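Listed below are the residues making up each chain.
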Amino acid sequence: GGGEEEGTDEGNSGEDSGSEGGEEASGEFEEQSWQFVTEELKGEVQYEYAAEFAKRINEKSGGAITVEPLEYGALGSEVDQAQLLQQGGVQLAVMSPGFTGGQVPDGQIFSLHYFFPSDQEKVQEVLTNSEALNTDLRAKYEEHSISPLAFWTEGAMAWTSNVGIESPSDWEGLNMRVQESPLMRETYDAYGATVQSLSWSELYTALDRETVDAQENPLFFIESASFHEVQDSITISHHNNYVAMTTVNTEWYNGLDDNVKQLVDETVAEMQDWVFDEQKAQNEAGLEAIKADEENPTEIIELTDEQIAEFKKAAEPVHEYYKNEVEGIDPAIYDKLKEEIAAVEGE
Amino acid sequence: MKVFQLLDKFIMKLEEFILSFSIILISIMIVGNVIAREIFNSGAFYFAYEVSKFAIVIATFIGISYAARKGRHISMSAFYDFAPFKVRKIMMIIINFVTAIVMFVMAYFTFNFVMFEYETGAITTSLEVPRYFMSVIIPIGFISAGIQFLRNTFINFTKKAKDKVYLGIDAVDYNDEEKKDIKMEDISI
Amino acid sequence: MLTTLLSIMIVLLLLNFPMMIPLIIAPVIIMLIYNPNLSMDLLMKQLLTGIESPVLLCVPLFIFAADIMTSGKTSQRLLDFIGAFVGHIRGGYAVTTAAACTLFGAISGSTQATVVAIGRPMREKLLKIGYRDSSAIALIINSSDVALLVPPSIGMIIYALAAGSGVSVGDLFIAGIIPGIMVFLAFAIYSVIYAKVKNIPLAEKVSWPDRFKFFRKALLPLGFPVIIVGGIYMGYFTPVEASGISVLYAIILEVLVYKTIPWKKLPSIALSTGLVTSAVFILVAGGQLFTWVLGYARIPQQITEAVLGSDPSAMYVLLIVSIFFFVGCMFVDPIVVILILTPIFVPAAETAGVDLIHLGIIVTFQAALGSATPPFGVDIFTASAVFKKPYLEVIRSTPPFIVILLVIGALLILFPQLSLALI
Ligand code: NA
Ligand code: NA
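Description of the structure in this document. (Residues numbered from 1 in each chain as written. Chains lettered and ligands numbered in written order. Predicted model: local features only at pLDDT ≥ 70, side-chain atom pairs only at ≥ 80, totals over all residues. Heavy atoms only, no water.)

What follows covers the interface of chain C and chain A. In this complex, chain C contributes 36 residues to the contact, which on the side of chain A involves 31 residues. Of the roughly 2,500 Å² buried where chain C meets chain A, counting both sides, 52% is carbon and sulfur surface. Where chain C packs against chain A, one counts one salt bridge. Between Asp171 of chain C and Arg209 of chain A there is a salt bridge whose closest N-O contact spans 3.9 Å. Summed over the shared surface of chain C and chain A, the number is three residue pairs in polar contact (both at pLDDT 80 or more). Of all the elements in the fold, those that place two or more residues in the side of chain C that touches chain A are α3 (40-51), α11 (169-175), α13 (208-234), α14 (239-257), α15 (266-296) and α18 (334-351) of chain C. The element that contributes the greatest number of residues to the side of chain C that touches chain A is α3 of chain C, accounting for five residues. Here the residues of the side of chain C that touches chain A are counted per class, giving 19 nonpolar, eleven polar and six charged. (Contact = heavy atoms within 4.5 Å. Buried area = accessible area lost by both parts, 1.4 Å probe. Salt bridge = Lys/Arg side-chain N within 4 Å of Asp/Glu carboxyl O. Polar contact = N/O pair within 3.5 Å; in protein donor to acceptor, adjacent residues only side chain to side chain. Helix = DSSP H or I, 4+ residues; strand = E, 2+ residues; numbered from the N terminus. Nonpolar A, V, L, I, M, F, W, Y, C, P; charged D, E, K, R; others polar.)

Pairing is possible between side chains that carry opposite charge, provided their charged atoms lie close to one another. Scanning all chains against the criterion turns up 25 salt bridges over all chains. For Lys336 of chain A, the salt bridge is made with Glu131 of chain A, and the minimal N-O distance between the two is 2.8 Å. Of this pair, Lys336 of chain A sits in helix α11 (residues 331-346) while Glu131 of chain A sits in helix α4 (residues 131-142), and the two are 205 residues apart along the sequence. Lys336 of chain A gets classed as partly exposed once you look at its relative accessible area, which sits at 26%. Its salt-bridge partner being Lys389 of chain C, residue Asp133 of chain C comes within 3.7 Å of it at the nearest N-O pair. Note that Asp133 of chain C is positioned in helix α8 (residues 133-144) and Lys389 of chain C in the loop between α20 (378-386) and α21 (391-395), a separation of 256 residues in sequence. (Buried < 20%, exposed > 50% of the residue type's maximum accessible area, 1.4 Å probe, protein only.)

We now examine the coordination of the sodium ion (ligand 2). Residue and element names in this part refer to chain C. The protein atoms that coordinate the sodium ion (ligand 2) are Gly105 (O), Ala147 (O), Val150 (O) and Pro152 (O), at distances spanning 2.1 to 2.4 Å. When the donors of the sodium ion (ligand 2) are listed by position in the chain, the intervening gaps give G-x41-A-x2-V-x1-P. No difference in accessibility class separates Ala147 from Pro152, as the two residues are buried. (Donors = N, O, S within 2.8 Å, 3.2 Å for Na, K, Ca; no water.)

Turning next to the nonpolar core. Counting residues in each nonpolar core, the largest one holds 264 residues, and the members touching the most others are Trp171 and Tyr188 of chain A, Phe61, Met103 and Phe142 of chain B together with Tyr159 and Leu359 of chain C. When residues of this core are assigned to their parent elements, the largest contribution, 16 residues, is made by α15 of chain C. With 45 residues, the next largest nonpolar core counts Ile65, Val94, Leu203 and Leu263 of chain A among its residues. (Core = buried A, V, L, I, M, F, W, Y, C linked by side-chain atoms within 4.5 Å.)

Moving on to the coordination of the sodium ion (ligand 1). All names here are of chain A. Protein coordination at the sodium ion (ligand 1) comes from His228 (O), Gln231 (O), Pro297 (O) and Thr298 (OG1), with a distance range of 2.3 to 2.9 Å. Along the chain, the residues that donate to the sodium ion (ligand 1) are spaced as H-x2-Q-x65-P-T. Here Pro297 lies in the loop between α9 (258-292) and β10 (299-302) and His228 lies in the loop between α7 (219-224) and β8 (233-236), a separation of 69 residues in the sequence. When its relative accessible area of 61% is taken as the criterion, Pro297 is described as exposed.

Moving on: the interface of chain B and chain C. At the interface, 64 residues of chain B touch 62 residues of chain C. Summing the contributions of chain B and of chain C, the shared interface buries around 5,800 Å²; its carbon and sulfur component is 77%. Summed over the three residues of chain B that lose the most area to chain C, namely Ile23, Ile74 and Met76 of chain B, the buried surface amounts to 13% of that side. Connecting chain B to chain C are eight residue pairs in polar contact (both at pLDDT 80 or more). Counting residues per element, the ones that place at least two in the side of chain B that touches chain C are α1 (2-38), α2 (48-69), α3 (78-82), α4 (85-120), α5 (132-135) and α6 (137-155) of chain B.

It is worth spelling out helix α3 (residues 120-129) of chain A at this point. All names here are of chain A. Restricting attention to buried positions, one finds in α3 the residues Gln120, Val123, Gln124, Val126 and Leu127. With its buried residues spanning 160° around the axis, α3 presents them on a single face. Where the residues of α3 are buried, they touch α4, β4 (146-161), β9 (241-249), α9 and α11. The opening residue of α3 is Asp119, an N-cap whose side-chain oxygen sits 3.0 Å from the backbone nitrogen of Glu121. (Arc of directions from axis to C-beta.)

To continue, consider the packing of aromatic side chains. Evaluation of the coordinates by the stated rule reveals 34 aromatic pairs over all chains. On the numbers, 5.8 Å between centres and 80° between planes, the contact of Phe85 of chain C with Trp208 of chain C is edge-to-face. Here Trp208 of chain C lies in helix α13 and Phe85 of chain C lies in helix α5 (residues 74-86), a separation of 123 residues in the sequence. By way of ring pairs, the aromatic residues Phe110, Phe115, Phe116, Phe151, Tyr322 and Tyr334 of chain A are connected into one cluster. The ring of Tyr258 of chain C carries Arg77 of chain C above its face, with NZ or CZ at 3.5 Å from the centroid. A cation over an aromatic ring shows up here: Lys213 of chain C above the ring of Phe214 of chain C, its NZ or CZ 5.0 Å from the ring centre. (Phe/Tyr/Trp six-rings, centres within 6.5 Å; stacked < 30°, edge-to-face > 60°. Lys NZ or Arg CZ within 6 Å of the ring centre and 35° of its normal.)

Given below as structure tokens:
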């Protein structure tokens, strides 16, 4: 997972207004208000997801249930937010699988390179229907009071650099900024690159001064963080995806009335298509804005199928490394997910 | 009594070693990482930031009691400095005692937090060691700080504190060391 | 309730309680009263969150580098060099003091270290040639504060951390150069006028061969700022890593080249650094507890709305920010003030169209000014302890400096270019 610790403490000033009298249909639902925390700011995919979810729940419950979407930073760092959810300090959260503070090592499966399909629609299909994820991996999270109700993509990760990465050998000698871990070391070592942890606030300058040579993020994010201003090229590499999870506190969720639970489940399910379109629109807009920025010309490299095959060949041994060597992961989830992906790709 | 003194000295030396070593370790980690990256183009110091993080947490919380012993906690002493000897003595007794209690309460809260981290089984991203290795230092720090602040309280009742105020057991109030003699009308531009 | 709590905090502060106590007590009480259902673990976790940011590693490292240089000869070489060139002019020793503080500040990033390293030797010289002790000390305190403004600066790094959202420390460093030089020039001009009015005797002029000798001796220390700023600019290291490099450079200079410090003395210097680090970081941890509780209760939003209204102008935001940081730093350690207040004001500043680098310079400047301002600025107590002088003697001659700094502060608000021109 390659989430970003971006954002200011710009909170959300509206106090919840969940206490006013319900509308006509509210008879079915008890009045309540929930908080829904995200790892992004207003206007970005996760926050917009929470806002849309809030709107739908409010409408469907006839105004009885109010959901307050919260921007990143209002309640601390990503790890803080995860912990807040675990303890029931908030009811719902969008989180990246990697930000549970090392409690569920299996979350690292999303950061494997060239493991998921290249086509985003197929990625979303796997995320939505996979039993390995929605049953087995979910159970792993539920041991820690986190219930992922859905997995979805915020877009494919793209590499930015000054060298124009087109083949694994282009990585030789580069310093890649990514959250440091044994798996990431192994992954980039396979291409001949080294990895370097770097705080978010230093990244723009570090890219500009070439203290680090490359980073990865979805396109909408590269644009909003202006990384294209200080990088000569973007490689649309399809190496992995920025995956997010819609999560709820497990005990809270289990304690919901059946009709409320059903309302939540059904809304989460129908949001899968909505968020797919939303991220697609944002990533396309981001790419257009980067292309339109004439002051900072940026080469856009879309890898061909042959080039992807070359990367895939380099990356595949790392899949085995993940399965056999990474601390604490369940190889059965890996095997099952691999089969499910093969089935979707074979369609 | 002798044993107690020896133990006290041993703990102080241990604290000094930890504080000093932490700073040196952080220096080596950060410089090592720059050199590895810029000169050898290597990620050999991949653990640099995580080790440094451990070091800074250990130094911070182990340092509370050492700073208490040496009377070096940051405080706003303007009014205190003006107070007469007896008032200062009473203030120091109350301050150290109340602070000791706060330290013990924090030790209790942070111990619960360590148990929570222990139960989650979370591991760090880089070295993949349990995260409670780091947090466990916090209640230890608060407990030893609490004990130290109690000792700071009691030393002010002893015979050797008859004409002195002790900020910490190893720190005599600087206000007693030099007579000061300056009046308000001396303030001018 | 909140007012009661705030009053208790201030009373504890004024009663000389360790600053960590109010910072710990207040959030714990708020949690127990307002959120009894929420686990205390969440709050305790903030003790770690507060200090584990990698950006903060620069604090012990810059202090360590400064401590090494303070124990060695770096500051003396800088003083000899500057003194050889300007010591003989009217008010020369005072100008030397201001210049040396600026240069040492450009090496160390630490105000306190500058007071010790430059302040101690210069105070003796100033006294010998006829300055009143209070004037000498006031000059030293205020000139040392330039260390916060010229790169590297611990204050700026803390600000960047608290502001989040990708505020570049490198840009902040460069933005501080012009304001830093402005302060130095203002103090130099004041020193010359003061010496004329008070008829301070002239010192002897140094011959050119001697000047060259002192220049050569100061060459290595002078290379220091070049390596730090240059290294960041060329991308060899990040601003945080620069702090590690300054430790390395200080060791090379004092241990290997000048041989003023034996290897085996380094651990005891590191111990003194560790002690200061702990005393500061427990405040950072406590500050994070406090910030987190405030954030959870949405208090920052209420504060900004109350003091700024709904649609404030950029100038107004900067004015209010200046007042809050100035007053805050008169009472509490600047690091804590910057950590707590920055996240409160950044959103409003962004909405009002204030450049966050400009804001950072204003914040750092006011932090420097506030911490040198009576009645409670922390630098005053540092000086009181370092020079073993009573409080009133230390503050007697500070007013003219405060006035000069207030004027420069206003200029920095009115002309953002002063901060942003070099970026
Ligand atoms: Na570009
Ligand atoms: Na500086």
